[in-house]
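Listed below are the residues making up each chain.
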Amino acid sequence: MAEVILRNVCKLFGKVPVVRDFSLNIADGEFLVLVGPSGCGKSTTLRLVAGLESLSSGEIYIGDRLVNDIHPRDRDIAMVFQNYALYPQMTVYDNMAFSLKMRKVPKREIDQAIRRTSELLRIDQLLDRKPGQLSGGQRQRVALGRSIIRNPHVFLFDEPLSNLDAKLRIAMRAELLELHQRLMTTAIYVTHDQLEAMTMGDRIVVMNEGVIQQVDHPETVYDHPVNLFVAGFIGSPSMNFLDCRILQNGDSLCAATDGLRLKIPAGKQARVQSYVGRDAVLGIRPEHIGLASDPARCDCLAGFTAVVRVVESAGSEKIVHARVEDHSLVARLDPHTRLKTGETVEFAVRMETVHIFDKVTGQTLM
């Protein structure tokens, strides 16, 4: 196991910056997830740690070694790819044994390591098969086994579950986490799936256009996003955003927009006092909008009337798309809620949970 440190890491493709001034300490044994939209630089960052891409500037340490100029095979890392990267002509046994044979490990030790690892991953019945005879989930286990058997200091995962179907992805997420809890090896995991990031990471790093936007525990990133990008990217359905103006209303403040005037809770007013008379962006998560008639949702509420546009039944919840004047809002409601398209409904917002952002910089005011 080893700590991984990135200091002012930059990567240019030609003159185009792909990773910009990336600095981060990844603790020994930590499971860190890099998440962001396609093209944000997360896979490039992983490849820089692996040595598959060269740095434009900056430093990368694995343990106490500066690895900038060290060949990938000598960095003591193991990488699991999206497409499994198995040798199709080899059996599962030979795929797992390959890296140990290259290191001249005795045959008896290789066999013992393969038997031990294959039992851990429940692929001991597959050792004589070739990758083409395996399901996607089985191939992913073999790819994991080939990495585990090397006993590396650091695991690198590049969207390893994206080729699996939804049900298998959920099962493999749990297996990966259980495996990490057993091995406690430092892991860096790349995904564009924010749900995957939230459920797997000890910490998550939200990236956009090569820049770190926020690094923290998943719950903190969700509850306290630092800017509009993070607030909109993390969470499904996404946070509702409304352009508004902060107004003084007697002794209190409110966020006002066409058709809505929502009172800001007393505990949050001091933070936005300097924005009175200025434009801002109000952020409301769908689960913090409920029906005004629901007594369980009526603490510190601000009400509004909206017209139901679409009702999506998702089994465990109902996703309701509604319109207030020119604004579209999404609410996450109880699955037994009965609403019809075109119906006018009284909704309420739990105002102690809302977010307010600077309209120009996108930074949170809360």
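A quick note: this is a predicted structure, and the numbers were derived from the prediction, not measured.

Draft legend 1. Representation of the packing of aromatic side chains in the model. According to the stated counting rule, one finds 8 aromatic pairs in the structure shown. Summarising the aromatic geometry, the rings of Phe 157 and Tyr 189 are spaced 5.7 Å apart at their centres and angled 40 degrees between planes, so their arrangement reads as tilted. Note that Phe 157 is positioned in strand 7 (residues 154-158) and Tyr 189 in strand 8 (residues 186-191), a separation of 32 residues in sequence. Look at Phe 157 and you get buried, because its relative accessible area is 5%. For Tyr 189, a relative accessible area of 0% puts it in the buried group. Three or more aromatic residues joined by ring pairs form one cluster here, namely Phe 31, Phe 155, Phe 157 and Tyr 189. The cationic tip of Arg 278 hangs over the ring face of Tyr 275; the distance from NZ or CZ to the ring centre is 3.9 Å. The ring of Tyr 222 carries the charged tip of Arg 285 above its face, separated from the ring centre by 3.9 Å.

Draft legend 2. Representation of the side chain of Asn 95 within the structure. Locating Asn 95 in the fold gives a position in helix 2 (residues 92-102). Residue classification places Asn 95 among the buried residues on the basis of a relative accessible area of 0%. Here the side chain of Asn 95 touches Met 90 through a polar contact of 3.3 Å, landing on its backbone oxygen. Filtering out sequence-adjacent residues up to four positions away, Asn 95 remains in contact with Leu 86, Tyr 87, Met 90, Pro 131 and Arg 146.

Draft legend 3. Molecular detail of the packing of helix 2 against helix 3 (residues 107-120). At a minimum axis separation of 10 Å, helix 2 and helix 3 run at an interaxial angle of 130 degrees. Taken together, the axes of helix 2 and helix 3 are oblique relative to one another. Regarding helix 2 and helix 3, the two cross each other, and that crossing is right-handed. Contacts between helix 2 and helix 3 pair Tyr 93, Met 96, Ala 97, Leu 100 and Lys 101 from the former with Ile 110, Asp 111, Ala 113, Ile 114, Arg 115, Thr 117 and Ser 118 from the latter. Looking at the contact of helix 2 with helix 3, its residues break down into 7 nonpolar, 2 polar and 3 charged.

Draft legend 4. Representation of the sheet that holds strand 14 (residues 279-284) within the structure. Spatial strand order, 13-12-11-14-20: 5 strands in an open sheet with antiparallel pairing. Whereas interior strands pair on both sides, the edge strands pair on one side only; in this sheet they are strand 13 (260-263) and strand 20 (355-358). Adjacent strand axes in the sheet meet at a mean angle of 40 degrees, parallel and antiparallel pairs treated alike. Note: strand 14 against strand 20, 4 bridges, orientation antiparallel. Across the sheet, the residue bridging to Ala 280 is Asp 358, located in strand 20.

Draft legend 5. Spatial organisation of the sheet that holds strand 3 (residues 31-35). Strand order in the open sheet formed by 6 strands is 6-7-8-3-9-10, with mixed pairing between adjacent strands. Strand pairing shows two members of the sheet lacking a second neighbour, strand 6 (77-80) and strand 10 (211-216), which therefore form its edges. The sheet shows a mean angle of 15 degrees between the axes of neighbouring strands, taken without regard to direction. Looking at chain direction, strand 3 and strand 9 (residues 203-208) are connected through 4 bridges and run parallel. Each bridged residue has a counterpart across the sheet, and for Val 35 the counterpart in strand 9 is Val 206. Here helix 4 (residues 136-148) sits on the sheet in contact with strand 6 and strand 7, set at roughly 175 degrees to strand 6.

Draft legend 6. Expanded view of the side chain of Asn 227. Counting through the fold element by element, Asn 227 comes out in the loop between helix 7 (218-223) and helix 8 (228-233). Of note is the side chain of Asn 227, whose polar atom sits 3.0 Å from the side chain of Gln 213. In this structure the side chain of Asn 227 is engaged in a polar contact, spanning 3.2 Å, whose partner is the backbone nitrogen of Phe 229. Non-local contacts of Asn 227, meaning those with residues more than four positions away in its chain, are made with Gln 213, Phe 357, Gly 362, Gln 363 and Thr 364.

The rules behind the values
- Residues numbered from 1 in each chain as written.
- Predicted model: local features only at pLDDT ≥ 70, side-chain atom pairs only at ≥ 80, totals over all residues.
- Heavy atoms only, no water.
- Phe/Tyr/Trp six-rings, centres within 6.5 Å; stacked < 30°, edge-to-face > 60°.
- Helix = DSSP H or I, 4+ residues; strand = E, 2+ residues; numbered from the N terminus.
- Buried < 20%, exposed > 50% of the residue type's maximum accessible area, 1.4 Å probe, protein only.
- Lys NZ or Arg CZ within 6 Å of the ring centre and 35° of its normal.
- Polar contact = N/O pair within 3.5 Å; in protein donor to acceptor, adjacent residues only side chain to side chain.
- Contact = heavy atoms within 4.5 Å.
- Axes fitted to C-alpha atoms, helices over the stretch in contact; angles between N-to-C directions.
- Parallel < 35°, antiparallel > 145°, perpendicular 65-115°, else oblique.
- Left-handed = near helix turned anticlockwise from the far one by under 90°.
- Nonpolar A, V, L, I, M, F, W, Y, C, P; charged D, E, K, R; others polar.
- Pairing = 2+ DSSP bridges.

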